[in-house]
Amino acid sequence: MIPSQIRRHGLASALCLAALSGVAGGNPAFAQAPDDTFIAGYAAAIVQREFGLAASKVTVSGGVVQVDAETLASSTGPRLRSALSEIPGVTEVRVREAAVPPVPAPGPVLAQPPADAAGVPATAIVAQGAEILPRNNLFEPLVADPRWPRFSASYRYYLDDPDVEHAGAVSFGETFALYRNSLFGGRWEVGFQASVFSVFDLNSDSMDLVNADYWVGIPVSWRRGDFSVLGRIFHQSSHLGDEYLLREEIDRSRRINLSYEAVEGLASYDIGDEFRVYGGVSYLFDQEPSDLEPWAAQAGLEYESRDTYAGGLLRPVAAADMKFREEADWDMDLSLQAGFQLESTLLTPRRIRLLAEYYNGSNPNGQFYSRKLEYIGFGINVQLD
């Protein structure tokens, strides 16, 4: 079974392989059963990548794991113990808060093979140095946010829309971490986000492109244990599709050249292994039209089951996202999604979600922001980080 923290936040298999490659090369028995050195490297990776704890030492002897962390948040200790206890070969976990001298080496995990003498414990040091292009992201994507950069495709049935009934929605985008380092007992990073959100009229002869929103941003995030924050500045510009503009019934004089920059702050907290809550605010500037009201707020709840089905490949998930825009007189935009998450049995952060969708609120497709929209649908989205 994959440890719960890896399930929630993703872990690059290359991290463990790099930490343990020297051991595996010289020990033919390594692949046959988890030994103390394997457990030490695995546990150190979890401590750093999944909990964002400051410099820590992991000691393993006879399957008993001892973690000495510089600081532990009040809710982190039990969750860390639970995650480590699910590592193959672990018989007991002891988590102790203790000061550990910083390790100057730049690598993320330094695994030290045990001595030949029997009974000498294996150790691994979490070296909290700088990382370039880390494999995952500190701030998890928002599952139900219809404008989070991701790869996705959905069918949507629009209720009472004057132009579109059967819609196809496609997005191409992702978040990439560029640089990561330690800060205030946790880890911080700066990254890059970009995406295109497109809507097509599936009822038309050529499946007309109705709207395309182009989105790019620079996020800065920080994580310590269950708590993470993200601040970002981003740009969005919206464009009507050529085929849609050629329709005879379209009044081209009413076209709006929607474009703006914005700053946003979000905070997120994981509750146990299954729930997550988040919230934040955003502010538009340099917006067109210039009278577009700038303030908005956002909140949400996500659920990711600890139970899996189909041999561990399918995991139930559900999420609710709520936005409140000053432009819409603070009426709620509600987005609900629920379904299954397809997971790999390997240590990889990639996840594919098959989700039913419901939305009711201001139209999220830029050129139509002044309209109300309600739809039901289903789709697929892919998380690479």
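Residues numbered from 1 in each chain as written. Predicted model: local features only at pLDDT ≥ 70, side-chain atom pairs only at ≥ 80, totals over all residues. Heavy atoms only, no water.

**Some points on the nonpolar core**
- Counting residues in hydrophobic clusters, the biggest one holds 19 residues, and the most contacted among them are Val58, Val65, Val67, Leu84 and Ile87.
- For this core, the secondary-structure elements that each account for two or more residues are α3 (36-50), β1 (56-61), β2 (64-69), α4 (76-85) and β3 (92-97).
- Listed in part, the ten residues of the second largest apolar core include Val164, Ala167, Leu373 and Tyr375. (Core = buried A, V, L, I, M, F, W, Y, C linked by side-chain atoms within 4.5 Å. Buried < 20%, exposed > 50% of the residue type's maximum accessible area, 1.4 Å probe, protein only. Helix = DSSP H or I, 4+ residues; strand = E, 2+ residues; numbered from the N terminus.)

**Here's the deal with the layout of surface pockets**
- Here the largest pocket is characterised by a volume of approximately 620 Å³.
- Lining the largest pocket we find 36 residues, and of these Tyr260, Leu284, Ala296, Lys323 and Arg325 sit closest to its centre.
- Among the residues making up the lining of the largest pocket, the classes are represented as 16 nonpolar, nine polar and eleven charged. (1 Å grid on protein atoms, 1.4 Å probe; cavity = no way out; pocket = protein on both sides within 12 Å on 5 of 7 lines; lining within 4 Å. Points joined across faces, edges and corners; volume = space filled by probe spheres on them. Nonpolar A, V, L, I, M, F, W, Y, C, P; charged D, E, K, R; others polar.)

**Digging into a negative patch on the surface**
- Together, Asp291, Glu293, Glu327 and Asp329 make up a region of like negative charge exposed at the surface.
- With respect to the helices and strands, the residue Glu293 is situated in the loop between β13 (275-288) and β14 (295-304). (Patch = residues over 30% accessible without salt bridge, like charges linked within 9 Å, V, L, I, M, F, W, Y side chains within 5 Å. Areas by Shrake-Rupley, 256 points an atom, 1.4 Å probe, with all protein chains shown as cover. Salt bridge = Lys/Arg side-chain N within 4 Å of Asp/Glu carboxyl O. Lys, Arg positive; Asp, Glu negative; His and termini not counted. Charge placed at Lys NZ, Arg CZ, Asp CG, Glu CD.)

**Details of the pairing of strand β11 (residues 227-240)**
- One ladder, built from 14 bridges, connects strand β10 (residues 209-224) with β11; its direction is antiparallel. Within the sheet, the bridge partner assigned to Ser221 lies in β11 and is Leu230.
- Hairpin remark: β10 followed by β11, antiparallel, with two residues in the connecting loop; positive phi at Gly225, about 60°.
- Where β11 lies against strand β12 (residues 259-271), eleven bridges are found, and the strand directions are antiparallel. Of the residues in β12, the one forming a bridge with Gln236 is Tyr260. (Pairing = 2+ DSSP bridges.)

**Focus on empty space enclosed by the protein**
- Taken as a whole and assessed by the stated rule, the structure comprises eight cavities of 30 Å³ or more.
- Taken as a whole, the largest cavity holds about 210 Å³ of empty space.
- Lining the largest cavity are 22 residues, with Pro146, Ser152, Ser154, Arg156 and Ser171 sitting closest to its centre.
- Mapped by element, the contributors of at least two residues to the lining of the largest cavity are β7 (151-158), β8 (166-183), β9 (186-201), β17 (351-362) and β18 (372-383).
- Of the residues assigned to the lining of the largest cavity, the class counts are nine nonpolar, eight polar and five charged.

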